[in-house]
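Topology and contacts: notes
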Amino acid sequence: MGNSRIEQIIEEIEDYIDTCKGPFLGSGDKIVVNRERMEELLRELRMKTPEEIKRYQKVLANKDAILADAQQKAEAIIAQANIQNQELVNEHEIMQKAYEQANQVIEMATGQAQEILDNATRDANEIRMGAIQYTDDMLANLQDMVRNVVETSNSRYSAMMENFQGFYDTITSNRAELAPQTAEEEPEETSEA
């Protein structure tokens, strides 16, 4: 902004005084002025002073309003930045907690899976050992049954063979009594049978 009208008038007064001369030669402190010219400049100065003051007051008021508005906007920006910063901090904390919870879930799931696998392996081994034991018990029972059958069959076979031998001896005796010659030839055939 250039010089105000007040400053210009003051400069005009100063320039005018510089052009005025003293009433006597050699008197440098006193000058003679044109009253009308001086009054005109002072009158204009009086008129312009309230206008300038109002204008400066208006500029100052605008300046204060601009500064207040700027300060308000700055405070709003700072408040928004703080809110966003807090949101980022909260979001980071939430992400951190979510990450920790995810790790805990993964660890828990891994532990449970391992436990299930261990239990399944143990159960499978127990079932396998139980099946082997059951099969062995069944085979042992079967073995006992077969042995009993064999022993029983052997004893019955022996008894039956003794009966047959008794029958054979009786028949041989009977034939010898009936035909002594025939009975003497037959033992070779019966011994081969």
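First things first, this report covers the structure right here in the doc. This is a predicted model, so every value here is computed, not measured. (Residues numbered from 1 in each chain as written. Predicted model: local features only at pLDDT ≥ 70, side-chain atom pairs only at ≥ 80, totals over all residues. Heavy atoms only, no water.)

Further remarks concern the side chain of S4. Counting through the fold element by element, S4 comes out in the segment before α1 (5-19). According to the relative accessible area criterion, S4 is buried, its value standing at 4%. The contacts of S4, once residues within four sequence positions are left out, are E52, R55 and Y56. (Helix = DSSP H or I, 4+ residues; strand = E, 2+ residues; numbered from the N terminus. Buried < 20%, exposed > 50% of the residue type's maximum accessible area, 1.4 Å probe, protein only. Contact = heavy atoms within 4.5 Å.)

A separate point is a nonpolar patch on the surface. A grouping of Y157, M160, M161, F164, F167 and I171 is seen on the molecular surface, where their side chains present a nonpolar patch of about 630 Å² in accessible area. Tracing the backbone shows I171 in helix α2 (residues 35-178). Look at I171 and you get exposed, because its relative accessible area is 51%. (Patch = residues over 30% accessible without salt bridge, like charges linked within 9 Å, V, L, I, M, F, W, Y side chains within 5 Å. Areas by Shrake-Rupley, 256 points an atom, 1.4 Å probe, with all protein chains shown as cover. Salt bridge = Lys/Arg side-chain N within 4 Å of Asp/Glu carboxyl O.)

A few words now on the packing of α1 against α2. Between α1 and α2, whose axes approach to 9 Å, the crossing angle comes to 160 degrees. By the angle class used here, α1 and α2 are roughly antiparallel. Crossing of α1 against α2: the hand is left-handed. Taking contact as the criterion, the partners of R5, I6, I9, I10, E12, I13, Y16 and I17 in α1 are, on α2, R37, M38, L41, L42, E44, L45, K48, T49 and E52. Among the residues making up the contact of α1 with α2, the classes are represented as 10 nonpolar, one polar and six charged. (Axes fitted to C-alpha atoms, helices over the stretch in contact; angles between N-to-C directions. Parallel < 35°, antiparallel > 145°, perpendicular 65-115°, else oblique. Left-handed = near helix turned anticlockwise from the far one by under 90°. Nonpolar A, V, L, I, M, F, W, Y, C, P; charged D, E, K, R; others polar.)

This next bit is on the nonpolar core. Core analysis: the biggest nonpolar cluster contains eight residues, these being I6, I9, I13, Y16, C20, M38, L41 and L45. Elements supplying a minimum of two residues to this core: α1 and α2. Looking at this core, the element that brings in the most residues is α1, giving four residues. Beyond its immediate stretch of four places on either side in the chain, I6 contacts L45, K48, T49 and E52. (Core = buried A, V, L, I, M, F, W, Y, C linked by side-chain atoms within 4.5 Å.)

Our next topic: the environment of S153. Turning to its location among the elements, S153 is positioned in helix α2. The class for S153 is partly exposed, based on a relative accessible area of 37%. Sequence-wise, S153 and Q80 are 73 residues apart; in three dimensions their C-alpha atoms are separated by 105 Å.

Now for the pattern of salt bridges. Summed over the entire model, instances satisfying the criterion amount to eight salt bridges. Of the charged contacts in the structure, one is a salt bridge between E40 and R37, with a shortest N-O distance of 4.0 Å. With a gap of three residues between them, E40 and R37 both fall in helix α2, about one helical turn apart. For E40, a relative accessible area of 40% gives the class partly exposed. By relative accessible area, which is 30% here, R37 ends up partly exposed. The salt bridge involving R147 is made with D144; its shortest N-O contact spans 3.0 Å.

Treat this as a map of the structure, not an account of what it does.
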